[in-house]
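So you can see what is in the structure, the chains are spelled out below.
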Amino acid sequence: MEAVVFVFSLIDCCALIFLSVYFIITLSDLECDYINARSCCSKLNKWVVPELIGHTIVTVLMLISLHWFIFLLNLPVATWNIYRFIMVPSGNMGVFDPTEIHNRGQLKSHMKEAMIKLGFHLLCFFMYLYSMILALIND
């Protein structure tokens, strides 16, 4: 059963790594003026909820399967994703808003957040891979 948890976590982590890379590429396209702000924000906002759900599922799965260290490692990022989604001001298009993305260095902060998430998901990928191999060997 433990191996199944880590196989699912590994697959989910691969999807989250893909999303992080997609966010970085899309934001860098906006930074270089290859796409406009409205198009960029609509592309990114479409993937905010799936990212939130994917990361929350893994966090809850680690809580249920009693992997405390991995749960506590995932909890701050999951909490940040939920907080960011809930605190979208009314009238904004979503987490990424085309009218505000160029203001106050928001583009740089979104880019930095995407890079940090990519690093985090890469760390989690190797941690899940190691845990999956260990669980398969012990079974």
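In this text, all values refer to a predicted model and were calculated from it rather than measured experimentally.

Scoring rules and cut-offs
- Residues numbered from 1 in each chain as written.
- Predicted model: local features only at pLDDT ≥ 70, side-chain atom pairs only at ≥ 80, totals over all residues.
- Heavy atoms only, no water.
- UniProt positions renumbered as here; feature names shortened; annotations may be inferred.
- Helix = DSSP H or I, 4+ residues; strand = E, 2+ residues; numbered from the N terminus.
- Axes fitted to C-alpha atoms, helices over the stretch in contact; angles between N-to-C directions.
- Parallel < 35°, antiparallel > 145°, perpendicular 65-115°, else oblique.
- Left-handed = near helix turned anticlockwise from the far one by under 90°.
- Nonpolar A, V, L, I, M, F, W, Y, C, P; charged D, E, K, R; others polar.
- Contact = heavy atoms within 4.5 Å.

Trainee: Can you tell me about the UniProt feature "transmembrane region" (unreviewed entry) in the chain, naming the residues and giving the values?
Mentor: The positions UniProt marks with the feature "transmembrane region" (unreviewed entry) are residues 5–25, 52–75 and 118–137. Note that residues 52–75 is 88% helix and 0% strand, and that its end C-alpha atoms are spaced 12 Å apart. This span, residues 118–137, is 100% helix and 0% strand, and a straight line between its end C-alpha atoms measures 29 Å.

Trainee: Explain the packing of helix H1 (residues 2–31) against helix H5 (residues 106–138) to me, and be specific about the residues and the numbers.
Mentor: Where H1 meets H5, the axes come as close as 8 Å, and the angle between the chain directions of the two elements is 160°. The pairing of H1 with H5 is recorded here as roughly antiparallel in orientation. Where H1 crosses over H5, the handedness of that crossing is left-handed. In terms of residue class, the contact of H1 with H5 is built from 26 nonpolar, six polar and four charged.

Trainee: Just give me the short version of the packing of helix H3 (residues 48–64) against H5, but keep the residues and values in it.
Mentor: Interaxial distance between H3 and H5 falls to 14 Å at its minimum, and their mutual angle equals 40°. Put simply, H3 runs oblique to H5. At the point where H3 passes H5, the crossing takes the left-handed sense. Contacts between H3 and H5 involve Glu-51, His-55, Val-58 and Met-62 from the first element and Lys-117, Phe-120, His-121 and Tyr-128 from the second. Residues of the contact of H3 with H5, tallied by class, amount to four nonpolar, two polar and two charged.

Trainee: Lay out unusual backbone geometry with the relevant residues and their values.
Mentor: One non-glycine residue with positive phi stands out, namely Asp-33, at about 65°. Residue placement: Asp-33 occurs in the loop between H1 and helix H2 (37–45).

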